[in-house]
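One letter stands for each residue in the lines below.
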Amino acid sequence: MADKKGKKQQEKIMTHPKLGDMKYDYYDDAWHPILSGVMKVPLWGKIFEVAPEFMAKDAEQGINSFQEESYESFDSLMIEQNAVMEQIILKYSGVSEEETATMFIPTNVYFGRRGECLLAFQDTEIEEIDDDFPGFTMFVSPKKLSLEGSDNAVFRLRECLEEEEASRYIREHGYDPVCIGPQPWNMSALEINTDEPDEAERDERKKRFQLKYGQELLKYEQEKAEKAKQWQERYDSIEMPRLIDIGLVRFAVFMVLLWGAFIVGISYFKWLLILAMPMVFSTIIFIAFCCYFFSRYFLAKRDFDSYKRKVMEEEDTE
């Protein structure tokens, strides 16, 4: 979504006490959960899954308390702001609720260094061309909802990565006028100011939300639990690779005998030299396979969990 040119994609793993195993991607300037890799966004009577990203300027900058707080309050925000979010999106789309529900799909949620929570929506009817983001972004916290018809808000979150401390202005009033929130010259920006609901209004919103999403949430959690069970079964079924592969051993014996016969044979039959290149090529392939198997073995021996995740990623991309 944001400008990623000139950045080399790399990863670094850490274990967060609340979020579990995380990987840092320099391509995105963010930490990504490895196992619990999605969060749920209820809209239009459906449950969508989004990928969370915790912004950080580098792998040395961990996830701070403001990001943790924003992450932990995300589900309650989705409940309390659900109707207002739909109102803003409808105002932006200018079409019916049915069309809007299929046109705009939430894809990512960004947690900024100062507690900002930003949802990105993709326009399914527009293809991404030359890194142009087909959709819009919406701040769901702090304080007031706002929508911008671009991904400029993601840029501004990245511009604020150097600032570790949260601004008192943001925490109390909403937006830092420099770093986040819709810019005044962006005519596509929309926002609806909402006061903090009192306890009675909050309870009423929860009741309306439960009536609308109760069955969908139950179905979603059941499917999620089944997927988690299947994932764990796949994960547990992966075995430690062998250091010595029987097939490679047999091929090695064959290659040694073949080279022996070749060396002896050329002393009597010079025409056998035409077989030199194919044999050299076969030997190089054999060495490459040996390096591949040895590298997988030593990776698994050093960190078996990382090896298992790597195998599952390879299977999923096939």
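Provided above is the structure to which this section pertains.
This one's a predicted model, so the numbers in the text were calculated from it and none came from an experiment.

## Description of the packing of aromatic side chains
Reasoning step 1: Tallying each qualifying case throughout the model produces 18 aromatic pairs.
Reasoning step 2: Each ring, one from Phe54 and one from Tyr71, has its centre 5.6 Å from the other, and the planes form 55°; the classification is tilted. Taken as a pair, Phe54 in strand β5 (residues 46-55) and Tyr71 in helix α1 (residues 65-72) lie far apart in primary sequence, 17 residues in all.
Reasoning step 3: Since its relative accessible area comes to 0%, Phe54 is described here as buried.
Reasoning step 4: Tyr71 sits in the partly exposed class, given a relative accessible area of 26%.

## With respect to the packing of helix α9 (residues 276-302) against helix α10 (residues 304-317)
Reasoning step 1: Here α9 crosses α10 at 130°, and the two axes come no closer than 5 Å. Of the possible angle classes, the one that applies to α9 and α10 is oblique. Between α9 and α10, the residues in contact are Arg296, Leu299, Ala300 and Arg302 and Phe304, Tyr307, Lys310, Val311 and Glu314, respectively.

## Some words on the pairing of strand β7 (residues 117-123)
Reasoning step 1: Among the seven residues of β7, six are classified as buried, and the element is accordingly described as predominantly covered.
Reasoning step 2: As judged from the seven bridges shared by strand β6 (residues 104-111) and β7, these two strands associate in the antiparallel manner. Across the sheet, residue Ile105 finds its bridge partner in β7, namely Gln122.
Reasoning step 3: Between the end of β6 and the start of β7, which pair antiparallel, lie five residues, with Gly115 showing a positive phi angle near 95°.
Reasoning step 4: Direction of pairing for β7 relative to strand β8 (residues 135-141): antiparallel, over a ladder of six bridges.

Rules behind the numbers
- Residues numbered from 1 in each chain as written.
- Predicted model: local features only at pLDDT ≥ 70, side-chain atom pairs only at ≥ 80, totals over all residues.
- Heavy atoms only, no water.
- Phe/Tyr/Trp six-rings, centres within 6.5 Å; stacked < 30°, edge-to-face > 60°.
- Helix = DSSP H or I, 4+ residues; strand = E, 2+ residues; numbered from the N terminus.
- Buried < 20%, exposed > 50% of the residue type's maximum accessible area, 1.4 Å probe, protein only.
- Axes fitted to C-alpha atoms, helices over the stretch in contact; angles between N-to-C directions.
- Parallel < 35°, antiparallel > 145°, perpendicular 65-115°, else oblique.
- Contact = heavy atoms within 4.5 Å.
- Pairing = 2+ DSSP bridges.

Don't take any of this as a statement about function, it's just geometry.
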